[in-house]
Amino acid sequence: MKKKSRTASSETPAQRHIAVVGAGIAGIACARTLAQAGHQVTVFEKNHGAGGRMATLDTEYGGFDHGTQYFTVRDTRFEKALATASGLVRPWSANTVRILDELGRVVASSPPSKEAHWVATPGMNALVRQWAQPLADGGQLMLETEVIRLEADKLHPQRWQLQTEGPGAGNPIHSGFDAVVLAVPSLQAYNLLLNSKQDSPLLEALAGVRVAPCWSLMVAFPQAVQPTLAYLGPQWNAARSTHHRIAWLARESSKPGRSPIERWTVQASPEWSQRHLEDDAERVKAKLLKAFTEVTGIRAEPPYAEVHRWRHAQTTEPLGKSHAWDRKSRIGACGDWCLGHRVEDGFLSGLEMALAIL
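> Could you clarify how one ought to interpret unusual backbone geometry in this entry?
Only a minority of non-glycine residues have a phi that is not negative, and only a minority of peptide bonds are not trans. Cis geometry marks the peptide bond from Thr 121 to Pro 122; its omega dihedral reads 5 degrees. The phi torsion at Lys 197 lies on the positive side, around 60 degrees, for a residue other than glycine. Note on placement: Lys 197 falls in the loop between α5 (186-195) and α6 (202-207). In this structure Lys 197 comes out as exposed when scored by relative accessible area, which is 68%. The phi dihedral of Arg 330 falls on the positive side, at around 65 degrees, and the residue is not glycine. Residue position: Arg 330 is located in the loop between β19 (324-326) and β20 (331-333).

Put into structure tokens, the structure is as follows:
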């Protein structure tokens, strides 16, 4: 008796087209998972590259990880995903972190962590960009394209279309999406739904999330690269600080795979950043440079000094679950803010968002 041939549709679920707004680690983890399951995915990112707060600013003096400084690994799913980036992720010898007072004096040293501190090389953005590369190669990653509105598809009202703008947008209308994932900061997701006049239950969930801002200062001292001067200032590589302006300092040149030029990234405290959120960047830079001198004792004038403002940096009140998914409207939201503020939180949020859609 002749066997009946099995059709493709009986072996795999119907392919769907899903829009992912945001190309940080959550958005790329979600998009990769959906694409690997056989679905069509289009990722929209308003910036010029993937990464989100896993960002690296390249300068003539070397790179600065001015967003996320490092990450830890606790979940086996994240560990397995990192195994696909062999050689890209390396441990950073900052496991014992100093805790400093207002004057830069060491108050205590955190005990050696049981968790390694990991960084991507040559910069923190390298990990997400490698994971995003297959999407970019397939024309599924649209950079410099900001989504400004969600609305029902004019030709197929059961689907979604997105209004976009930006130098990479091309056609401002992108249609035919079976679902939309908002992998952006919670306030941006909330405002996008509100501006789109979407009366979604996601609005109530997003309204309860709180994320603090952060000003980052980046300084470089190329004069320190001399045979008789290996480094400037303190001999530690990373420190938390109780200074009223500064919460964290890290010597970028101590990270593996980096330029040897002495460079520091300084992150202001959430409270100070909030109070000075709308201040002029030059004023912020001057205040943080003064605080940097007070904490480190480095009084040399840096040839390079810049600041960057992160409006959405550290989660203070998370969503409390890995993602938000409105099955009726087929709109979801994910990001590190769902679970906390760690890199792994963002990855797991994106992964579980994709699994909910599947």
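The rest of the description comes next.
> I would appreciate a short explanation of the pattern of salt bridges in the present structure.
Where charged atoms of side chains with opposite charge meet at close range, the side chains can pair. Enumeration according to the criterion identifies 17 salt bridges in this entry. In this structure, Glu 344 and Arg 342 form a salt bridge, with 3.1 Å as the shortest nitrogen-oxygen distance. On the accessibility criterion, Glu 344 (2% relative accessible area) is buried.

> Just checking my understanding: could you explain the packing of aromatic side chains for this structure?
Summed over the entire model, instances satisfying the criterion amount to eleven aromatic pairs. Taking 5.9 Å as the distance between ring centres and 55 degrees as the angle between the ring planes, the aromatic pair formed by Tyr 61 and Tyr 304 counts as tilted. Placement of Tyr 61 in the loop between β3 (57-59) and β4 (62-64) and of Tyr 304 in strand β18 (residues 304-317) is noted, with a sequence separation of 243 residues between them. We note that Tyr 61, like Tyr 304, is buried. Pairwise contacts between aromatic rings join Phe 71, Phe 78, Trp 131 and Phe 347 into one cluster. Over the face of the ring belonging to Trp 92 we find Lys 255, whose NZ or CZ atom lies 5.0 Å from the ring centre. Here the basic side chain of Arg 263 rests over the ring of Phe 64, its NZ or CZ set 5.8 Å away from the ring centre.

> What is the right way to read the sheet that holds strand β11 (residues 160-165) from this model?
By definition, the strands of a sheet pair up through backbone hydrogen bonds, in either a parallel or an antiparallel sense. Pairing is antiparallel in the open sheet, where three strands are placed in the order β10-β11-β12. Of all strands in the sheet, those bounded by a partner on one side alone are β10 (146-152) and β12 (173-177). Across this sheet, the average inter-strand angle for adjacent strands is 25 degrees, counted without regard to direction. Sheet analysis places β10 next to β11, joined by six bridges and oriented antiparallel. The residue bridging Arg 149 from the neighbouring strand is Gln 163, located in β11.

> Before we go on, may I ask you to explain helix α2 (residues 25-36) in this structure?
Given 3.6 residues per helical turn, the α-helix brings residues three or four places apart onto the same face. Taking 1.5 Å per residue, twelve residues should reach 16 Å; α2 reaches 16 Å between its end C-alpha atoms and fits that length. Burial in α2 covers these residues: Ile 25, Ala 26, Gly 27, Ile 28, Ala 29, Cys 30, Ala 31, Arg 32, Thr 33 and Leu 34. Elements in contact with the buried residues of α2: β1 (17-21), β2 (40-44), α3 (76-82), α4 (125-137), β13 (179-182) and α9 (343-357). Just downstream of α2 lies Gly 38, where phi reads positive at about 100 degrees.

> What is the right way to read the packing of α2 against α9 from this model?
For any two helices packed against each other, one specifies the crossing angle of their axes together with the interaxial distance. Remark: α2 packs on α9, axes separated minimally by 7 Å, with the N-to-C direction vectors making an angle of 35 degrees. Our pair here, α2 against α9, has a crossing hand that is right-handed. Counted together, Ile 25, Ala 26, Ala 29, Cys 30, Thr 33 and Leu 34 of α2 and Val 343, Gly 346, Phe 347, Gly 350, Leu 351, Met 353, Ala 354, Leu 355 and Ile 357 of α9 form the full contact between these two elements. Tallied by class, residues from the contact of α2 with α9 come to twelve nonpolar, three polar and no charged.

Conventions and cut-offs
- Residues numbered from 1 in each chain as written.
- Predicted model: local features only at pLDDT ≥ 70, side-chain atom pairs only at ≥ 80, totals over all residues.
- Heavy atoms only, no water.
- Helix = DSSP H or I, 4+ residues; strand = E, 2+ residues; numbered from the N terminus.
- Buried < 20%, exposed > 50% of the residue type's maximum accessible area, 1.4 Å probe, protein only.
- Salt bridge = Lys/Arg side-chain N within 4 Å of Asp/Glu carboxyl O.
- Phe/Tyr/Trp six-rings, centres within 6.5 Å; stacked < 30°, edge-to-face > 60°.
- Lys NZ or Arg CZ within 6 Å of the ring centre and 35° of its normal.
- Pairing = 2+ DSSP bridges.
- Axes fitted to C-alpha atoms, helices over the stretch in contact; angles between N-to-C directions.
- Expected span 1.5 Å × (residues − 1).
- Contact = heavy atoms within 4.5 Å.
- Left-handed = near helix turned anticlockwise from the far one by under 90°.
- Nonpolar A, V, L, I, M, F, W, Y, C, P; charged D, E, K, R; others polar.

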